[in-house]
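Commentary on secondary and tertiary structure
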Amino acid sequence: MMSCLTAITFLQEWWDIRHSKDGLTEEELYVSGSRVVWSRGQAGRVGSRQVVKCMTCDSAVIHAMFATFYTYPDQPSLLGEPVPQGPTGDSLPSICIVENDCLTIVTEEGDDYSVALPFPVSWPEGHEMILSLRK
């Protein structure tokens, strides 16, 4: 008699919605296993949502979050010069995606930047980006 073992993988599925300051638009970040969908539309209006970016990662997504980076055109060029207190330059709406072995930042224009993580990470509660060694 031959025994057959079947592995069942459960996908982690979740989403995050953020509203604009004026409450007229909202963005959704939907994650299912290794897939991430970033969409935007008018708040409360069915059918107004459009996909900003859709991607499939190499491995399961541990966490994903909205982030805004800035170009900092007035960034000090020499050490010792004061750094501006607030963001300056053009804003770059983005999302950050954490996988087991890499962190990827994807901008609204479609540029993506990945960095290898030297160890598995855990994700703390909240909306800050602090990566710590998973024990």
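The written sequence of each chain sets the order in which its residues are numbered from 1. Predicted model: local features are reported for residues with pLDDT of at least 70 only, side-chain atom pairs are reported and counted for 80 or more only, and whole-chain, interface and lining totals are derived from all residues. Side-chain descriptors were evaluated using all non-hydrogen atoms of the structure, hydrogens and water having been removed beforehand.

1. A look at the overall build of the protein
Strands here are runs of E lasting at least two residues and helices are runs of H or I lasting at least four, both read from the DSSP assignment and numbered beginning at the N terminus. Counting secondary structure elements, the protein contains zero helices and 10 strands. Counting from the amino terminus, helix and strand elements in the protein follow one another as β-β-β-β-β-β-β-β-β-β. Exposure is judged per residue with a 1.4 Å probe applied to protein chains only, and the accessible area is read against the type maximum: over 50% gives exposed, under 20% gives buried, and values in between give partly exposed. Scored against the burial criterion, the 135 residues of the protein give a buried share of 27%. Two residues form a contact once any of their heavy atoms are found within 4.5 Å. Counting only contacts in the protein whose residues sit at least 6 apart along the sequence, the fraction spanning at least 24 positions is 34%.

2. Quick look at the nonpolar core
Residues Leu29, Val36, Val61, Ala64, Ile95 and Ile97 are the most contacted members of the largest nonpolar core, which totals 13 residues. Listed by contribution, the elements that provide at least two residues to this core are strand 2 (25-32), strand 3 (35-42), strand 5 (61-70) and strand 6 (91-99). Counting residues per element, this core draws most heavily on strand 5, at three residues. In contact with Val61, not counting residues within four places along its chain, are Gln12, Val31, Gly33, Ser34, Val36, Ile97 and Val98. Grouped together as the second largest cluster of nonpolar side chains are eight residues, Cys96, Leu103, Leu117 and Val121 included. What we call a nonpolar core is a set of buried Ala, Val, Leu, Ile, Met, Phe, Trp, Tyr and Cys residues that are connected through their side-chain atoms within 4.5 Å.

3. Some thoughts on the state of the cysteines
Disulfide: a pair of cysteine sulfur atoms within 2.5 Å of each other. According to the stated counting rule, one finds zero disulfides in the structure shown. With no disulfide of its own, Cys54 has Cys57 as its nearest cysteine by sulfur position, at a separation of 9.9 Å. Take Cys54: its relative accessible area is 52%, and that puts it in the exposed class.

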